[in-house]
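Structural overview for review
The lines below spell out each chain.
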Amino acid sequence: MIPYLRRLTLRARLALFAGVAVAVAVAIAAAAAWLVTRQQLTNQLDTSLKSVQASPGYVQALLRICGLTQRPDMTTADTPTSYTVQVVTADGTVCAAPGTTPINVDGSDRAVASGQLGSVLHDATDKDGTPMRVATSGTSLPGGFGDGYAVSIAQPLSVVNKPLGTLALVLFGVAGVGVAGAMTTGLAIARAGLRPVERLTQTVEHIARTEDLGVRIPVAGTDEIARLSSSFNAMTEALSASRDRQQQLIEDAGHELRTPLTSLRTNIELLIRSEKSGRQLPANARQELLGSVEAQISELTNLVGDLQELSRPDSAPAVGSLRVVALHEITKRALDRVELRGPNLTFHSDLRPWYAHADPAALERSLVNVLDNAVKFSPPEGEISVRLASGTLIVRDHGPGIPTNELPYVFDRFWRSPTARSLPGSGLGLAIVAHTIRQAGGSVELRSHPEGGIEAVVRLPGTETPPPALPAEQLPADGD
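Residues numbered from 1 in each chain as written. Predicted model: local features only at pLDDT ≥ 70, side-chain atom pairs only at ≥ 80, totals over all residues. Heavy atoms only, no water.

Before going further, it helps to examine a nonpolar patch on the surface. Where nonpolar side chains cluster on the molecular surface, the patch consists of V20, V24 and I28 and spans about 270 Å² of accessible area. With respect to the helices and strands, I28 occurs in helix α2 (residues 10–51). (Patch = residues over 30% accessible without salt bridge, like charges linked within 9 Å, V, L, I, M, F, W, Y side chains within 5 Å. Areas by Shrake-Rupley, 256 points an atom, 1.4 Å probe, with all protein chains shown as cover. Salt bridge = Lys/Arg side-chain N within 4 Å of Asp/Glu carboxyl O. Helix = DSSP H or I, 4+ residues; strand = E, 2+ residues; numbered from the N terminus.)

So, in structure tokens, the structure goes:
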């Protein structure tokens, strides 16, 4: 049965379930109505039988039938025409009127005749097998007949069974119509209710067939189907944006890789041509070519590393990579590394203790990128200030700054300001910074300073003291 149901459409299953539910409900209601009606009809029949009294003359005539050979004169006025009346003696003898079919006697009738019971109601059959309802009661008549007999008054059970049979047919017909109507209505409701789901299914099939993520489902209302449609639209929009970013990343990476690869290929071809021709390059030129090759290989290595860093999702850092770190110490190490790259610059630092939850190596690399950016755009003999207080790290340079209309794009991958495209770099440094800081639950922004230059502001949640579970001496201050 279950495999068969699974082969049905959802619409057909809903209609079937609606029909079954109505059928069960109607069957229970019909059975209850039939049982109540039967009980009522039976009670009415019993009340009617108990209320009927055979006339004394008719009873005496029945008794004479049992004891006399001459048939008494019995008028129809003495006979209860709609009932069967007979006299039962204590020994089980039945005295019935001529032309009537005697009713079979059981022990309860004899008990009433013998005086053991006052009256009894029960089902019985006559000699022809007709079901009867019998009311037997004791009686005492004047005239010397004495006790020792009872009078049974009966009526066929057909007076109850026929209406019940008719009622059963009516109920069955009504139930059939109700079930058919319920299934038809359920099919119509399922068709109307599942129409949005059908549209959603068609859209999904279209996307799977064409890979067109620009399709949207119209949303009407606020019910569950509308929420599902809205969620699906949001999902396809996110997938479309992700695919666009992926495509853009591939295109940008190819563009950035083309320049160093072209230069690297040119230099290597010069070296190969020199070897094949037997004409050695001057020592200075050869050394310069080898130095250029080494620089380009280093640039490619850094670019590939940056791409690998950016390929990790923001919400899924490497397992076990996040730990409690001393931000002030990591900033100090990054500052020491960057100072070597700007020997003519003056660095001012004010680092207050701050402990955060981050990847130590990635965080130090990001801070180096921020400081490198400040060194790159600082004028000769310029100054760079680095301040850390309450989880906010501010790095300020005194360079030319960035136009306000370009600030929203500084953290985009491969984006470079038109005024800085002649400087070395791939445009991934600040993108990596934003990626790492977001993984640590913080934020980063670049803003123009009123007195000139740019401020890089990094905010990380944390505390001024190390957590109790990690005493200061256990913190990975050395980045290990």
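Now that the structure has been shown, the text picks up again.
Moving on to the sheet that holds strand β7 (residues 346–351). Strands sit in the order β7-β9-β10-β12-β11 across an open sheet of 5 strands; the sheet is mixed. Since the sheet does not close on itself, it has two edges, and those belong to β7 and β11 (443–448), each with one partner. Neighbour-to-neighbour, the strand axes of the sheet open up by a mean angle of 10 degrees, direction not taken into account. Pairing of β7 with strand β9 (residues 383–389), which is carried by 6 bridges, proceeds in the parallel orientation. (Pairing = 2+ DSSP bridges. Axes fitted to C-alpha atoms, helices over the stretch in contact; angles between N-to-C directions.)

What follows deals with the sheet that holds strand β5 (residues 149–156). Across the sheet, which stays open at both edges, the 5 strands sit in the order β2-β1-β5-β4-β3 with antiparallel pairing between neighbours. With partners counted over all chains shown, the strands left at the sheet margins are β2 (94–96) and β3 (119–125), one partner each. Averaged over neighbouring strand pairs, the angle between their axes works out to 30 degrees when direction is ignored. Here 7 bridges tie β3 to strand β4 (residues 131–138), and the two strands are oriented antiparallel to one another. Residue pairing across strands places L121 opposite A135, the latter belonging to β4. Against the sheet, α2 touches β3, β4 and β5, its axis set at about 40 degrees to β4. (Contact = heavy atoms within 4.5 Å.)

Turning to helix α5 (residues 158–193), a few remarks are in order. Counting along an α-helix, one turn takes 3.6 residues, and residues three or four places apart therefore face a common direction. Over its 36 residues, α5 extends 50 Å from the first C-alpha to the last, a length consistent with the 52 Å expected when each residue adds 1.5 Å. Taken residue by residue, α5 has V160, L164, L171, A175, V179, A182, G186 and A190 as its buried positions. Against α2 lie the buried residues of α5. (Expected span 1.5 Å × (residues − 1). Buried < 20%, exposed > 50% of the residue type's maximum accessible area, 1.4 Å probe, protein only.)

Just geometry here; none of it tells us what the structure is for.
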